[in-house]
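Below, each chain spelled out in residue letters.
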Amino acid sequence: MVALEAIHGPEDLRGLSGEELSDLAGQVRTFLVDKVSRTGGHLGPNLGVVELTIAVHTVFDSPRDRIVFDTGHQSYVHKLLTGRQDFSGLRQAGGLSGYPSREESIHDIVCNSHASTSLSWADGIAKADQLRGEGDRFVVAIIGDGALTGGMAWEALNTIAEATDRRLVIVVNDNERSYAPTVGGMAHHLSTLRTTDGYERFLDWGRAQLQRGGPPGRLAYGTLHGVKKGLKDIVAPQGMFEDLGLKYIGPVDGHDIVGLQHALSRAKAYGGPVIVHAITRKGNGYAPAENDEADRFHATGIIDPDTGRPVATAGPTWTGVFADEMLRVGQERGDVVGITAAMLIPVGLHRFAQNFPERVFDVGIAEQHAVTSAAGMAFCGLHPVVAVYATFLNRAFDQVLMDVALHRAGVTFVLDRSGITGDDGASHHGMWDLSLLNLVPGMRVAAPRDAATLREELREALAVGDAPTALRYPKGAPPADIPALERVGGVDVLHRGASQDLLLIALGSMVPMGLEIVELLADEGIGTTLVDPRWVLPVNPELLTMAAEHRLVAVVEDNGRAGGVGTAVRQRLDDEGIDVRLRGFAVPQEFHDHAKRTQVLERIGLTAPRIADKIAGVLASGRGRTNGKVRPLSPDTVRTTSPVVGT
C-alpha cells in the first residue's frame, strides 16, 4: 500500500490499483479528521469528496487539465493530492487557505468562495483552449448540487451546450446539501435521478435482446432508439440535461473509486460537454458528521476528533442575538417572514423556521431571486427579512437597487459577517456593503454596537414599510452592552471629553476600538466626543451639527475606504459648507488574506494606537479648525509598524 505522505502530486496516483486507492482514501479521511479538528474548517464537505477527488486526479492530468471547484471549500482533498499536506495552519495567517489559491499551487484555478460560478469559468477556459489550438485539454468543473440552485449555473449550462466539441466535464457532487439540505425543483430532479433504477442498464438490455433478432430486431431497436427521449422521460428523467444538448452519465456511487474512474473515463472519451452525476454523502466515514442532521459538520470549530463535540463552549454570538430577537418578533407580528439563500442556520433564521416553518423561504443559492421575491412579498403587505452574509449581497445589487429601492419596498436586509471576517479570507470579508448601499436611494443602514442595539435597531428597521433597511454586524461575539450617556437626534453619545477637540464617529462593532482611542487621546490632553450614529446611512444631520462644534472629525469603520460612511460624511459636510477637517479610517480597497480578525486589522493599521497617533498628529500640526497644544503619541504608545489607514 502507498502512504499518503508519499503522494506529492497527481502523477503519484497513476498506476495505483483500486485497492491501493481505496486504502489511500481511508488515510485521507483519517488525516482530515485529525487535522481539521485542530484548526476548524469545512470538514463535512471534504469527507464527502475523498473518492471523487482521487478519481478525478487519476483520470485527468492536472494542471494541464484544469479542475474548478464550486464552491472551493470542498478542495481540501485536492490540496493533499497536489503536494500540500501541512494543514497545521489551515485558515490561519501564513497557512493554507480554506479555498483554492493560485499563490499556493498551479493546480488551483478559482480562488473565490461564491457559489454557482464554476461552469462559467469552465466555459471560458474551454473556449480559450479551443481558440488557442489547445482543444485537447480538458476542463473539469466539480459543482455541488447546492450550487446548481444558482441561476448563473444554468445560464452557463445553456451556453456550454452550444458547442459539442469542447472538452468540458461537469461533475455534479450530489449530496443533497449545500450548507443544509438542498431545496427547490433542481433538488427534486436530482433526487428522482438518485432513486431511478438504471435507464442505461435497461437500454443496454433492450439493445442486446433486439439485435439478436436479426434485421427485424435491429429495425425494432432503431425505432426504440428513435423514441429515446420519450423513453427516458418515463424511465429516468435525466432528459432535462440532454434536452440542453449535454451528455449525461450516472448516477454513479461517489464513494466507489473504480466506478467513478469508469464514468469519468467515458466522459473523457466522449470529447464534448458531459455531465457526470455522482452521489456522495456529506461527512462520509466519520460518524459524528454523518449523524449531524443539521449540516453534517459543514464547517466546524476546534472539536474533539473522537466525539465531534466542540472543545470550547460556545458563547453568545451576533447571529444568536439576531436569531432570538427574530423569534420574538415572529411571535408578535404575523407579517414578518424570513428569506435565506441556502444558509438557514449560519444566518440565524433556524429558530424562526422551527416555530413558523410556513413563513421562512429558503431559495437555494440564489441571492438575486431572494431579493426580488422579497420585493413581491412586500408589495402584498408582508415584511420580508432577507438574511445573508454581507459579501453575498454583492451578488444581488441590481435587485436591491431596481426591484426593492425603486419600488420603495419595505424589505429588511440582515448582513451577517460584515467587515473583516478573518478565517475565510478575501471572498468572505464583508467590506463592500456600505459602499454599495450608499449608492441606493432611500436605503437606511444601521450598525449595532452590541446585543441591545441589535435588538433595538432590528425592530426599528421592521417598523419601516415604505423603504428598504439594512442591519450589518460582524462574525463572532458581541461585546458587553455599551450604554450611552444620552441620545441626541438619534445619535448615541458615548463619551464627552473636557474639550471639543475631536468628534469621533465609530460605527457598530468599531465602538470598542473607539473607546480605546478616547482613552489614548485623553492621556495626551485631547478631548473627544465619541458617538455611535446607530443609523449610519444616510448621514444623520445631527452629526453635521456636532461636527461644526469640533476641531476635527474622524470616522472609524470596518468597510472599504471607497464610498463608505467616511465618504458620505465628508460629502455632507461639503454640501453644508461646514469647514472642518475629516479623517477617515477604514479598510484599504484590497483583497485581504485569511487570518484572525485582529491580525488583519493589525496588518492594515486599523488599531486604536495607530489611529490615535494619526489623530494626535493632525491636531498637533494645526490641520484641524484651529491650532491646539497637543503632541503625537509617543512611540511606546504606538505598538505596531503597520501603515495607518486613513485619509
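Described below are features of the structure shown in this document. The structure displayed is predicted, hence computed values, not measured ones.

1. Considering the overall build of the chain
- Across its full length, the chain carries 25 helices and 18 strands.
- The 647 residues of the chain split such that 58% are buried.
- In the chain, the share of contacts with a sequence separation of at least 24, taken over all contacts with a separation of at least 6, comes to 77%.
- When the accessible area of the chain is evaluated, it comes to approximately 25200 Å², of which 52% is carbon and sulfur surface.

2. Overview of the packing of helix α5 (residues 118-131) against helix α6 (residues 151-160)
- Closest axis-to-axis distance for the α5/α6 pair is 8 Å, and the angle between their directions is 25 degrees. Viewed along their axes, α5 and α6 adopt a mutual orientation that is roughly parallel. Along its contact with α5, which presents Leu 119, Ser 120, Asp 123 and Lys 127, the element α6 presents Met 152, Ala 153, Ala 156, Leu 157, Thr 159 and Ile 160.

3. A look at helix α16 (residues 367-379)
- With 13 residues, α16 ought to run about 18 Å at 1.5 Å a step, and its terminal C-alpha atoms sit 19 Å apart, in line with that.
- Every buried residue of α16 is accounted for by Glu 367, Ala 370, Val 371, Ala 374, Ala 375, Met 377 and Ala 378. What you see down the axis of α16 is that its buried residues fit within an arc of 165 degrees, all on one side.
- Turning to α16, the residues buried within the fold contact β6 (336-340), β7 (360-362), β8 (383-389), α17 (390-393), α18 (397-405) and β9 (412-416).
- Phi for Gly 381, located one or two positions after α16, is positive at around 100 degrees.

4. Overview of the packing of α16 against α18
- α18 packs onto α16 with a crossing angle of 10 degrees between their chain directions and a minimal axis gap of 9 Å. In terms of orientation, α16 lies roughly parallel with respect to α18. Contact with α16, carried on its side by Gln 368, Val 371, Thr 372 and Ala 375, involves Gln 399, Val 400, Asp 403 and Val 404 of α18 and no other residues of that element.
- Broken down by class, the residue content of the contact of α16 with α18 amounts to 4 nonpolar, 3 polar and 1 charged.

5. Focus on the packing of aromatic side chains
- The tally for this structure, following the rule as stated, stands at 9 aromatic pairs.
- A centroid spacing of 5.9 Å and a plane angle of 80 degrees characterise the contact between Tyr 76 and Phe 87, whose relative ring orientation is edge-to-face. With Tyr 76 in helix α4 (residues 76-81) and Phe 87 in the loop between α4 and α5, this residue pair connects regions lying 11 residues apart in the sequence. Taken individually, Tyr 76 and Phe 87 each receive the classification buried, so the pair is uniform in this respect.
- Judged by centre distance (6.0 Å) and plane angle (55 degrees), the ring pair of Trp 432 and Phe 591 falls under tilted. With Trp 432 in the loop between β9 and α19 (433-437) and Phe 591 in the loop between β18 (581-587) and α24 (597-604), the pair connects residues that are 159 residues apart, well separated along the chain.
- Classification of Phe 591 as exposed rests on a relative accessible area of 66%.

6. What to know about the sheet that holds strand β15 (residues 528-532)
- Judged by pairing direction, the sheet is mixed, and its 6 strands sit side by side in the order β12-β13-β15-β14-β17-β18 without closing on themselves. Pairing within the sheet leaves two strands with one partner each, and these edge strands are β12 (486-488) and β18. For this sheet the average axis-to-axis angle between neighbouring strands, irrespective of direction, equals 30 degrees.
- The strands touched by helix α21 (residues 511-523) are β13 (491-496), β14 (502-506), β15 and β17 (552-560); relative to β15, the strand with the most contacts, the crossing angle is about 175 degrees.

7. Focus: α24
- Listing the buried residues of α24 in full gives Val 600, Leu 601 and Ile 604. One side of α24 holds all its buried residues, which, seen down the axis, span an arc of 100 degrees.
- Check the buried side of α24 and you find it contacts α21 and β18.
- Gly 605 sits one or two positions beyond α24 and adopts a positive phi of about 80 degrees.

8. A few points about the sheet that holds strand β11 (residues 469-472)
- Reading across from one edge, β7-β6-β8-β9-β11-β10-β16 is the order of the 7 strands in this open sheet, with mixed pairing throughout. The open sheet has two edge strands with one neighbour each: β7 and β16 (535-537). Across this sheet, the average inter-strand angle for adjacent strands is 25 degrees, counted without regard to direction.
- Alignment of β6 against β7, held across 3 bridges, turns out to be parallel. Of the residues in β7, the one forming a bridge with Gly 338 is Val 360.

9. Topic: the environment of Ala 353
- Its place among the elements puts Ala 353 in helix α15 (residues 350-355).
- Ala 353 gets classed as buried once you look at its relative accessible area, which sits at 13%.
- Expressed as a C-alpha distance, the spacing of Ala 353 and Gly 330, which sit 23 residues apart in the sequence, is 9.8 Å.
- Every residue in contact with Ala 353, bar those within four places of it in the chain, is listed here: Leu 344 and Val 360.

10. So, the layout of surface pockets
- In this structure, the largest pocket occupies an estimated 1800 Å³ of space.
- Contributing to the lining of the largest pocket are 50 residues, with Ala 299, Thr 300, Gly 301, Arg 417 and Lys 475 lying nearest its centre.
- Where the lining of the largest pocket is concerned, the elements lending two or more residues are α14 (318-332) and α15.
- What lines the second largest pocket is a set of 25 residues, and nearest its centre among them are Cys 111, Ala 426, Ser 427, Phe 591 and Asp 593.
- Here the residues of the lining of the second largest pocket are counted per class, giving 9 nonpolar, 11 polar and 5 charged.

11. A word on the pattern of salt bridges
- Tallied over the full model, the rule gives 37 salt bridges.
- Put simply, Asp 450 and Arg 449 hold a salt bridge, and the shortest N to O gap is 3.8 Å.
- On the accessibility criterion, Asp 450 (1% relative accessible area) is buried.
- A single salt-bridge network, built from bridges that share partners, covers Arg 449, Asp 450, Glu 456, Glu 457, Glu 460, Arg 487, Asp 492, Asp 532 and Arg 534.

About the thresholds
- Residues numbered from 1 in each chain as written.
- Predicted model: local features only at pLDDT ≥ 70, side-chain atom pairs only at ≥ 80, totals over all residues.
- Heavy atoms only, no water.
- Helix = DSSP H or I, 4+ residues; strand = E, 2+ residues; numbered from the N terminus.
- Buried < 20%, exposed > 50% of the residue type's maximum accessible area, 1.4 Å probe, protein only.
- Contact = heavy atoms within 4.5 Å.
- Areas by Shrake-Rupley, 256 points an atom, 1.4 Å probe, with all protein chains shown as cover.
- Axes fitted to C-alpha atoms, helices over the stretch in contact; angles between N-to-C directions.
- Parallel < 35°, antiparallel > 145°, perpendicular 65-115°, else oblique.
- Expected span 1.5 Å × (residues − 1).
- Arc of directions from axis to C-beta.
- Nonpolar A, V, L, I, M, F, W, Y, C, P; charged D, E, K, R; others polar.
- Phe/Tyr/Trp six-rings, centres within 6.5 Å; stacked < 30°, edge-to-face > 60°.
- Pairing = 2+ DSSP bridges.
- 1 Å grid on protein atoms, 1.4 Å probe; cavity = no way out; pocket = protein on both sides within 12 Å on 5 of 7 lines; lining within 4 Å.
- Points joined across faces, edges and corners; volume = space filled by probe spheres on them.
- Salt bridge = Lys/Arg side-chain N within 4 Å of Asp/Glu carboxyl O.

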